[in-house]
Every structure is written in structure tokens, then in C-alpha cells.
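The residues making up each chain are set out below.
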Amino acid sequence: MPLFIQMLENGTMASFDENDSSEYARLIAKAEAAVEALRDSYKDQFRQDADQMFLLWAKLEDGADRRQVMDEIYAIAHNVKGQGGSFGYDFVTALGASLCRFLRATSAYSDDDLKIVRAHLDALLLAASDDMSGDGGAKGRDILRDLSLMTGYPVGSGAIDG
């Protein structure tokens, strides 16, 4: 027997009646407040992630190995991609997905490749600074279109596969 059924049967799992509108409303409000708190936490984490990618970028100026730096940026971008949509940041998810896809497909990391990576990092920093939630609005759509032209890949909510 599943654990949650056992818990319901022996009274160790709380239950509520949806017809009790005051209790239902209280639980919904509590859940919404928890999600909003997590959203605020995500915004802080996203800003830290964007800052961290720029710190890694600075290593390139000091002569660090391009592949190693790009692998580290990829790991952060992958987290950004995976978390953004959960908190209403679909534009951020699309940026992270585009960056991941480009980094996965690139191995030489030429100077031109680095310009494309930098464009993604600049877009992520802008998204963090301007708190660009949702699809990013007209500015977000323009950025995604430009990145798509640069990478040659479709970019946007329908192209998240990085």
C-alpha cells in the first residue's frame, strides 16, 4: 500500500475539505507566499550565477584554457536554463538553453565563438539587472532573435533543448 494512503488511514497525514473555503483559501495563500519567497530567492541566485559567469570570463583575459572556462560557464548556464521557467523567467531559460546548445556544438572556441558566448553573457546580465521575467517583452524577443541569427539555431521557448 502506498505510504500516503497509509498516512491518511492512520491519521498522520493532514487533510482538508475543499468545501471549507476559509481553510482552503488559507492553504492556497500560504502556498503562494512560499512560491513567491522562492522566486525572490531565485532572482538572487540568478544574479549570482550571471556574476559568476563573468568572473569565469575574466579568466580568459588572464590566459586561462578556453575549453575549461567554457565547460564551467556551461555548467552554470545549464542550471540557469533548468531553473528559470520554474519561477516565471522563460526568457532566462531560453538564454540559458541557447548558450548551452551553442557551447555543446562548439569545440574550437575561436574568437568568433567567444563573441557569441559574450553576447549570451551580456544578455543574461541584462536579464538579471532588469529583472526580465516572463518572455522578456519586446526587448527579450529582439535579443533572442539576434542570438538566433548569431548561432544559427532557433532560440526561444519552443527551442529549449540545451
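Keep in mind that this is a model prediction, so the values were computed, not measured.

### Here's the deal with the overall build of the protein chain
So, step 1. Along its length, the protein chain carries six helices and zero strands.
So, step 2. Ordered by position from the N terminus, the helices and strands of the protein chain form the series α-α-α-α-α-α.
So, step 3. For the protein chain, buried positions account for 34% of its 162 residues.
So, step 4. Counting only contacts in the protein chain whose residues sit at least 6 apart along the sequence, the fraction spanning at least 24 positions is 68%.
So, step 5. Carbon together with sulfur atoms contributes 52% to the accessible area of the protein chain, which is approximately 9300 Å² in total.

### Brief notes about the confidence of the model for the protein chain
So, step 1. Across the protein chain, pLDDT averages 86, with 84% of residues at or above 70.
So, step 2. Mean pLDDT in the protein chain bottoms out at helix α1 (residues 3-10), which sits at 55, and peaks at helix α5 (residues 111-129), which reaches 97.

### Concerning the side chain of Thr-93
So, step 1. With respect to the helices and strands, the residue Thr-93 is situated in helix α4 (residues 90-105).
So, step 2. There is a polar contact of 3.3 Å between the side chain of Thr-93 and the backbone oxygen of Lys-81.

### Side note on the environment of Ile-76
So, step 1. Positionally, Ile-76 belongs in helix α3 (residues 66-84).
So, step 2. Linking Ile-76 and Phe-46, residues 30 residues apart in sequence, is a C-alpha distance of 9.6 Å.
So, step 3. In this structure Ile-76 touches Asp-49, Gln-52, Met-53 and Leu-56, once residues within four positions along its chain are discounted.

### So, α4
So, step 1. In a regular helix each residue adds 1.5 Å, so 16 residues correspond to 22 Å; α4 covers 22 Å between its end C-alpha atoms and thus fits that length.
So, step 2. Among the 16 residues of α4, twelve are classified as buried, and the element is accordingly described as predominantly covered.
So, step 3. Taken residue by residue, α4 has Phe-91, Val-92, Thr-93, Ala-94, Leu-95, Gly-96, Ala-97, Ser-98, Leu-99, Cys-100, Phe-102 and Leu-103 as its buried positions.
So, step 4. Of the surrounding secondary structure, the elements contacted by the buried residues of α4 are α2 (21-61), α3, α5 and α6 (137-151).

### Regarding the nonpolar core
So, step 1. Ranked by internal contacts, the top residues of the largest apolar core, which has 37 residues, are Met-53, Met-70, Ile-73, Leu-95, Leu-99, Leu-121 and Leu-124.
So, step 2. Contributions of two or more residues to this core are made by α2, α3, α4, α5 and α6.
So, step 3. Setting aside residues no more than four positions away along its own chain, Leu-121 makes contact with Met-53, Phe-54, Trp-57, Ile-73 and Leu-99.

### Thoughts on unusual backbone geometry
So, step 1. Here the phi dihedral of Tyr-109 falls at roughly 55°; this positive angle occurs in a residue that is not glycine.
So, step 2. Inspection of the secondary structure puts Tyr-109 in the loop between α4 and α5.
So, step 3. Positive phi values are uncommon outside glycine, yet Asp-131 reaches one of about 50°.
So, step 4. Mapping Asp-131 onto the fold places it in the loop between α5 and α6.

### What about the packing of aromatic side chains?
So, step 1. The full count for this structure, using the stated rule, is three aromatic pairs.
So, step 2. Between Tyr-42 and Tyr-89, the aromatic rings sit 5.4 Å apart at their centres with planes inclined by 50°, giving tilted as the arrangement. Taken as a pair, Tyr-42 in helix α2 and Tyr-89 in the loop between α3 and α4 lie far apart in primary sequence, 47 residues in all. Taken as a pair, Tyr-42 and Tyr-89 share a single burial class, namely buried.
So, step 3. Every member of this aromatic cluster is reached through a ring pair, and the members are Tyr-42, Phe-46, Phe-87 and Tyr-89.

Calculation criteria
- Residue positions within a chain follow its written sequence, with the count starting from 1.
- Thresholds applied to this predicted model are a pLDDT of at least 70 for local features of residues and 80 or more for the giving and counting of side-chain atom pairs; totals over whole chains, interfaces and linings are not thresholded and use all residues.
- Water and hydrogen atoms play no part in the side-chain values, which are based on all heavy atoms of the structure.
- Put simply, DSSP H or I for four residues or longer makes a helix, DSSP E for two residues or longer makes a strand, and each gets a number counted from the N terminus.
- Under the scheme applied here, a residue whose accessible area is under 20% of the maximum for its type counts as buried, over 50% as exposed, and between as partly exposed, the area being computed with a 1.4 Å probe on protein chains only.
- Contacts: residue pairs with any heavy atoms within 4.5 Å of one another.
- Only the protein chains shown count as cover for residues, and all accessible areas are computed by the Shrake-Rupley method using a 1.4 Å probe.
- Per-residue confidence from the prediction method is given by pLDDT, with values spanning 0 to 100.
- Polar contact is the term for a pair of N or O atoms within 3.5 Å; when the atoms are in protein, one must be able to donate a hydrogen and the other to accept it, and sequence-neighboring residues count only if both atoms are side-chain atoms.
- By definition here, a helix of n residues has an expected span of 1.5 Å times n minus one.
- In these notes, a set of buried Ala, Val, Leu, Ile, Met, Phe, Trp, Tyr and Cys residues joined through side-chain atoms within 4.5 Å is what counts as a nonpolar core.
- Two aromatic rings, drawn from Phe, Tyr or Trp (for Trp, its six-membered ring), form a pair once their centres lie within 6.5 Å of each other, and the interplanar angle then sorts them: stacked below 30 degrees, edge-to-face above 60, tilted otherwise.

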